[in-house]
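Here are the chains, one letter per residue:
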Amino acid sequence: MKKQFFLLAVLFVCAGAQARGTITLTNGAYYIDTLEHLMVGPGTWYTRARMTQQGGGSYPINVFITQIDRTNPYISFEAVLGRDTIVGTETPTKMAQRHSTTGHHLFTGINADFFTTSSTSIAEGSDCVQWGRPSGGVFVNKEIATLQSNKRQSFVIDGQGVPYLGSFGRHMYAVANNDTMTIYNINYSRYKGKLTLFNHFNGKHTSAVTAGTEVTCQLKPGETWGVNKDMHFVVTKVAQDNGGALIPADGIVLSGQGAMATRLNNLQVNDEVVVNLDLTCGGVEGLDIAMGVGGPDATKYAQMLRNGQVVKDSVWN
């Protein structure tokens, strides 16, 4: 946040007496009791409610809502990864404390997406457990941390603070010496004949453990991270028959085996590589995505709201 703000104790006083209403879901009618409704920050209200099925039946449903005025000049949105990598877990409270500084206070948030809780072969050629790996697309400060199945929806914020929701379409590629190579994965398993891009969100090293070619590239001076734009890099190292390359904090590693390794072998130190991560979100092209978190499988679950209207064509109803 660009400006510092102060929260007064009076803001944390409940706004009124408990309110009750009713709502009908697919399995019956529920009483809704509003237990808290208070201001928790600039332009931000928090509501806690409990839904109890009429006549008994199911367990109570606890509902937590944060209503935010995104046009408030003191408000910005931030995506944070546990331990600042795609592997590992951390509570939202600790993540907020770790990223809060003077004039930059994370005061409300949600534990977004879903994450790996069992063994998976993310590290090529092994069955390592990567606890906490996000299931959907995550963007932090205009860098992609992970971008997985096209079926999953994501919630993203552009550089002007405007939110978008939807599944991704992708056309990601790297160009070097007039050779255009499709980027198949980001910080994920390396498949034979396909190109994987690794950055610092993967950790200190790439996840490739079998022999291939890994090309280390630094972002050129004056260049900035982003999607839907050309990013210019310079090759600093070409390692053949290699895996687990060190990932620079301000660069990437292009990794491939088989036919893709043969193409990467044509690169030399000081060659220029142009990378473009061309993405659409919900069909919208050319977005300047600044922050983003993953969501559910779009083939199974619809959005709860679409263009301001409650969605009723899915289990969310």
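What you see is a predicted model, and the numbers here were worked out from it, not measured in a lab.

Peer 1: What am I meant to see in the pairing of strand E16 (residues 289-297) here?
Peer 2: Within a regular beta strand, the side chains point alternately toward one face of the sheet and then the other, so they alternate between its two faces. The buried fraction of E16 amounts to seven of the nine residues, a majority that puts the element mostly inside the structure. Relative to E16, strand E7 (residues 152-158) runs antiparallel, the two sharing six bridges. Within the sheet, the bridge partner assigned to Ile 157 lies in E16 and is Met 291.

Peer 1: Would you explain the confidence of the model for the protein chain in this entry?
Peer 2: Chain-level statistics for the protein chain give a pLDDT mean of 86 and a share of 88% at 70 or above. The low-confidence segment residues 1-17 (pLDDT under 50) makes 30 contacts with residues lying over four places distant or belonging to another chain.

Peer 1: Is there a simple way to explain the packing of aromatic side chains in this structure?
Peer 2: By convention here, two paired aromatic rings are described through the distance between centres and the angle between planes. Taken as a whole and judged by the stated rule, the model has four aromatic pairs. Judged by centre distance (5.7 Å) and plane angle (55°), the ring pair of Trp 225 and Phe 233 falls under tilted. Assigned by exposure class, Trp 225 and Phe 233 land together as buried.

Peer 1: Explain the pattern of salt bridges here, please?
Peer 2: Should their charged atoms come close, side chains of opposite charge can pair. Within this structure, the stated rule accounts for six salt bridges. A salt bridge links Arg 98 to Asp 84, with the shortest nitrogen-to-oxygen separation between them at 2.6 Å. Residue Arg 98 is found in helix H1 (residues 92-99), and its partner Asp 84 is found in the loop between strand E4 (61-68) and H1; the two are separated by 14 residues along the sequence. Taking relative accessible area as the criterion, Asp 84 reaches 32% and is therefore assigned partly exposed. Residues Glu 90 and Arg 98 are paired through a salt bridge, measuring 2.7 Å at the closest nitrogen-oxygen approach. Using a relative accessible area of 23% as the deciding quantity, one classes Glu 90 as partly exposed. For Arg 98, a relative accessible area of 36% translates into the label partly exposed. Three or more residues joined by partner-sharing salt bridges are found here, namely Asp 84, Glu 90 and Arg 98.

Peer 1: Looking at this structure, I do not really get the nonpolar core. What am I missing?
Peer 2: Phe 139, Ile 183, Phe 233, Leu 254, Val 273, Val 275 and Leu 277 are the most contacted members of the largest nonpolar core, which totals 33 residues. At the level of secondary structure, the elements contributing two or more residues to this core comprise strand E8 (163-176), strand E9 (179-186), strand E10 (195-198), strand E11 (212-219), strand E12 (230-242), strand E13 (251-256), helix H2 (259-264) and strand E14 (272-281). Residue contacts for Val 275: discarding those within four places in its chain leaves Tyr 173, Ala 174, Ile 183, Leu 197, Lys 229, Asp 230, Met 231, Phe 233 and Ile 252.

Peer 1: Looking at this structure, how should I read unusual backbone geometry?
Peer 2: A negative phi angle is the norm for most residues apart from glycine, just as the trans form is the norm for most peptide bonds. Here Asn 178, not a glycine, exhibits a phi torsion of approximately 65°, which is positive. Tracing the sequence through the fold places Asn 178 in the loop between E8 and E9. With a phi close to 50°, Asp 241 is a non-glycine residue in the positive phi region. Checked against the element boundaries, Asp 241 lands in strand E12.

Rules and cut-offs
- Along each chain, the written sequence defines residue order, and numbers are assigned to residues from 1.
- Reporting in this predicted model follows two pLDDT cut-offs: at least 70 for local features of residues, and 80 or more for side-chain atom pairs to be given and counted; totals over whole chains, interfaces and linings ignore these cut-offs and use all residues.
- To obtain the side-chain values, all non-hydrogen atoms of the structure were used and water was disregarded.
- Only protein chains enter the accessibility calculation, which uses a 1.4 Å probe; a residue whose area is less than 20% of its type maximum is buried, one above 50% is exposed, and one in between is partly exposed.
- Going along the chain from the N terminus, every DSSP run of H or I of four or more residues is numbered as a helix, and every run of E of two or more is numbered as a strand.
- A pair of strands is treated as paired once DSSP finds two or more bridges between them.
- Per-residue confidence from the predictor is reported as pLDDT, which spans 0 to 100.
- We call two residues in contact when some of their heavy atoms are within 4.5 Å.
- Pairing of aromatic side chains here covers Phe, Tyr and the six-membered ring of Trp, requires ring centres within 6.5 Å, and sorts the geometry by plane angle: under 30 degrees stacked, over 60 edge-to-face, intermediate tilted.
- Salt bridges are defined as contacts in which a side-chain nitrogen from Lys or Arg sits within 4 Å of a carboxyl oxygen from Asp or Glu.
- Only buried residues count toward a nonpolar core. Its members are Ala, Val, Leu, Ile, Met, Phe, Trp, Tyr and Cys residues joined through side-chain atoms within 4.5 Å.

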